[in-house]
Structures are given as structure tokens and as C-alpha cells.
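Analysis of the macromolecular model
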Amino acid sequence: MELLNGKETSQIIMKEISDAVRNRKSEGKKIPHLAAILVGGDGGSITYVNNKLRACEACGFESTLMRYDDSVSEEVLLNKIHTLNEDKSIDGFIVQLPLPPHIDETKVILAIDPMKDVDGFHPMNLGKMALNMPAFISATPSGIIELIRRYELDTAGKRCVIIGRSNIVGMPLSILLSQNKEFGNCTVTLTHSQTKNLKEICLQADIVIAALGQPGFVKEDMVKEGAVVIDVGITRVKDESKKTGWRLSGDVDFDQVAPKCSYISPVPGGVGPMTVASLMMNTLKAMDLKGK
Ligand code: NAD
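If you're wondering where the values come from, they're calculated on a predicted model, not measured in any experiment. Sequence positions are assigned chain by chain, starting from 1 and proceeding in written order. Local features in this predicted model are restricted to residues of pLDDT 70 or higher, and side-chain atom pairs are both shown and tallied only at a pLDDT of 80 or more, whereas totals for entire chains, interfaces and linings draw on every residue. Side-chain metrics rest on all non-hydrogen atoms present in the structure, leaving aside hydrogens and water.

1. Brief notes about the packing of helix α6 (residues 139–150) against helix α7 (residues 170–178)
Their axes nearest at 9 Å, the elements α6 and α7 cross at an angle of 35 degrees. Note that α6 runs across α7; the crossing there is right-handed. Contacts between α6 and α7 involve P141, I144, I145 and I148 from the former and P172, L173, L176 and L177 from the latter. In the contact of α6 with α7, the residues fall into 8 nonpolar, no polar and no charged. An axis is simply a line fitted to the C-alpha atoms; with a helix, the fit covers only the stretch in contact. Between two such axes, the angle follows the N-to-C directions and lies from 0 to 180 degrees. Runs of E in the DSSP output that reach at least two residues are strands. Runs of H or I that reach at least four are helices, and both are numbered from the N terminus. In this scheme the handedness of a crossing depends on how the near helix is turned from the far one: anticlockwise by less than a right angle means left-handed, clockwise means right-handed. Between two residues, a contact is recorded if the distance between any of their heavy atoms is within 4.5 Å. As a working rule, the residues Ala, Val, Leu, Ile, Met, Phe, Trp, Tyr, Cys and Pro are called nonpolar, Asp, Glu, Lys and Arg charged, and the rest polar, with Gly in that last group.

What follows is the structure, given as C-alpha cells:
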């Protein structure tokens, strides 16, 4: 069994990005600038945004954080998005989800200029991605593809089962892995909460990708010998042995499943850091696209 080490791989990618940024700087060119909007005080969201800002620093990017109270109105948020769309110093920006219930997430996503939508959530980017046209691909699916690419895993003709069909992970990943291109060409089955016989379906898979948000859901009897298992899940579970009282758990029961796998990604240290590295790649691309 070999570990798909997302932490190490993401550090290599960010080093490559910071070298590129240093070269740009020495040529007197603009350096990438990522802005992040964070609403409310959810612990998970704060951690995710802080990780992204730390990554900006590691890559030599400029970054700006805009924080709002839970009570911020939709109008104020939309106005801020319009300002960021117009601000030439900002190459890309993200609005950390989820947003409070009184704010319409779809409206917010639609308000983002697709050319600055480094999260790849805008329908323009999702649509282009589905048609295999150049687009910003959302960070988690593109991070997973990059992990597969860096480990040179064979995907052509392989059976891939994805558990979870969200717009930000499962659905786009199912499209990317089925496309006729390098690190695609899988025969993909996209499963979800209404899927019957999930265990039997998973047992046929050469590649299992778990993105459902249920800690330890994938057990040893769901995975065939030699399969590649990629764990996207991140859930805080109680752990009295930790100072914080919790630890992060993936959707795969790692201890049970790992001995059967050819490759497996851990949590933490797997898909999470690759997601952050992908966001940095998208931000660099956003600046390049404008020819700055
Ligand atoms: P979500 O929470 O929006 O949806 C869950 C999906 O799982 C749904 O499509 C649902 O149909 C499916 N599902 C639920 N129960 C199921 C079951 N018993 N069998 C089969 N399918 C089932 O999904 P999400 O936003 O993609 O998040 C999934 C997990 O991935 C969460 O733990 C989240 O924290 C994590 N996540 C991690 C990263 C990362 O960077 N590592 C990024 C995004 C999400």
C-alpha cells in the first residue's frame, strides 16, 4: 500500500508556484492577489480560510481577507462582490461557503465575475469544464486530479465509483474523470444517498472516491483488493485525547481499508492540502489569463 501524500505533494506544487512568482517579481511584473470573503464565526470556515491565506503567503501572493458578521445583509455582500469584480488589483476571490440561511448562495455565486471565480463555482466555469473547455475547475476536484497526475496513476478504462454528488466535489469529479483526456477516461459511477447496493457497486471499483461527509463510512468489505481509495471527507469527531476535544475524520475507515489498497489518501494530509494548492494554481492562472 502506498500513501497518496497530499501534504507533501501540495508543498511541491506551492514551491513551484512561489518560484514562478519570484521570477515574475524579479521581472517587475504583478504578483497574484487573492481576496477571501468570510461570513460569520464558524470554526471550520475560519480554519479553511486561514489555511488559504497561509498558502498565499507561502506562494508569495498578496491576500486580503474581508470578514462580515453573521447578520450581514445579502445586499452588502453582493455590493462587495461587485467591487471586487471591478478591482483590477484583485486577480481572483472566493466567498467561503456555507453562508447564513438568509443569504442566497446561488445569487452570490452568480454575482462573481467568472474570470475571477477561482473556486470554479460559477455556472459559466462548470459548463465550460463539462465541455472540456479551458475553465476554472473547482479546487477539490482539480486537486484530486492533480494528485492522480503527480502519482501517475493509471485511470484509462478503470472503473471509478464516486460516493456523493455535490456540485463542488462529486458531480464535477465524475465529469472530469470520464472525459477523454489524460487522467480521465474512467468508467464512472456517481453514487448518492438514494443508491441501492452501494457495497456491491464499490466492490467492482478500481478507484473509490468517498465524498459524502460520514466519518468511517467506507469499510474493508466495500473495497476490492488493490483498489485506489481517495478520501475527500473532513468531519470533526469527538476525541477526548486531543487538547481541542476533537480530531478530523475522513469518510474511509483508514485502518481497515488501507491494507487492501494499492494507494490510499489519508485524512488529514490527503485531499485537503491539495484543495488549497489547487486554489493557488487557479489564482496564478487568473492573473496569467489577464496577461498581467
Ligand atoms: P455534501 O455534504 O454537499 O453532500 C453529501 C453527498 O453525499 C450527497 O450528494 C449525498 O447524496 C451523498 N450521501 C450522503 N449519504 C450517503 C450515503 N449513505 N450513501 C451514498 N451517498 C451518500 O457533499 P460535499 O460538500 O461534497 O462534502 C462531502 C465531504 O467532503 C464532507 O465531509 C466535506 O467536509 C468534505 N469536503 C472536503 C474537501 C477537502 O478539501 N478535502 C472539500 C469539500 C468537501
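Once the structure has been displayed, the description carries forward.
2. Structural notes on the domain arrangement of the protein chain
The domain architecture assigned to the protein chain consists of domain 1 (27–116) and domain 2 (139–273). When each unit is reduced to the centre of its C-alpha atoms, the spacing between domain 1 and domain 2 is 28 Å. Note that the domain bounds reflect an automated or database-derived domain assignment.

3. As for the sheet that holds strand β7 (residues 207–210)
Consider a sheet: its strands pair through backbone hydrogen bonds, and that pairing is either parallel or antiparallel. Reading across from one edge, β1-β11-β8-β7-β5-β6 is the order of the 6 strands in this open sheet, with parallel pairing throughout. With one partner strand each, in any of the chains shown, β1 (2–3) and β6 (187–191) form the two edges of the open sheet. Should DSSP find at least two bridges between two strands, the strands are taken to pair. Examined bridge by bridge, β1 and strand β11 (residues 263–264) share 2 bridges and lie parallel to one another. Counted as the bridge partner of L3 is I264 from β11.

4. Structural notes on the sheet that holds strand β4 (residues 92–95)
In space, the 3 strands of this open sheet follow the order β3-β2-β4, with parallel pairing throughout. Of all strands in the sheet, those with a lone pairing partner are β3 (62–68) and β4, marking the two edges. Sheet twist, expressed as the average angle between the axes of neighbouring strands with direction ignored, equals 15 degrees. Relative to β3, strand β2 (residues 33–39) runs parallel, the two sharing 7 bridges. Note that in β3 the partner of A36 across the bridge is L65. Sheet strands in contact with helix α3 (residues 74–86) are β2, β3 and β4, and its direction is about 180 degrees off that of β2.

5. A short note on empty space enclosed by the protein
Here a cavity denotes grid points, spaced 1 Å and computed from the protein atoms alone, that fit a 1.4 Å probe unable to get out, and a pocket denotes an open set having protein on both sides within 12 Å along at least 5 of 7 lines; residues with an atom within 4 Å of a point are the lining. Grid points are joined across faces, edges and corners, and a volume is the space filled by probe spheres set on the points. Under the defined criterion, the tally for this structure stands at 1 cavity of 30 Å³ or more. Within this model, the largest cavity holds a volume of roughly 50 Å³. Forming the walls of the largest cavity are F93, I94, V95, L97, V108, I109, I112, D117, D119 and F121. Mapped by element, the contributors of at least two residues to the lining of the largest cavity are β4 and α4 (105–111). With 3 residues, β4 is the largest single contributor of residues to the lining of the largest cavity. When its residues are assigned to classes, the lining of the largest cavity shows 8 nonpolar, no polar and 2 charged.

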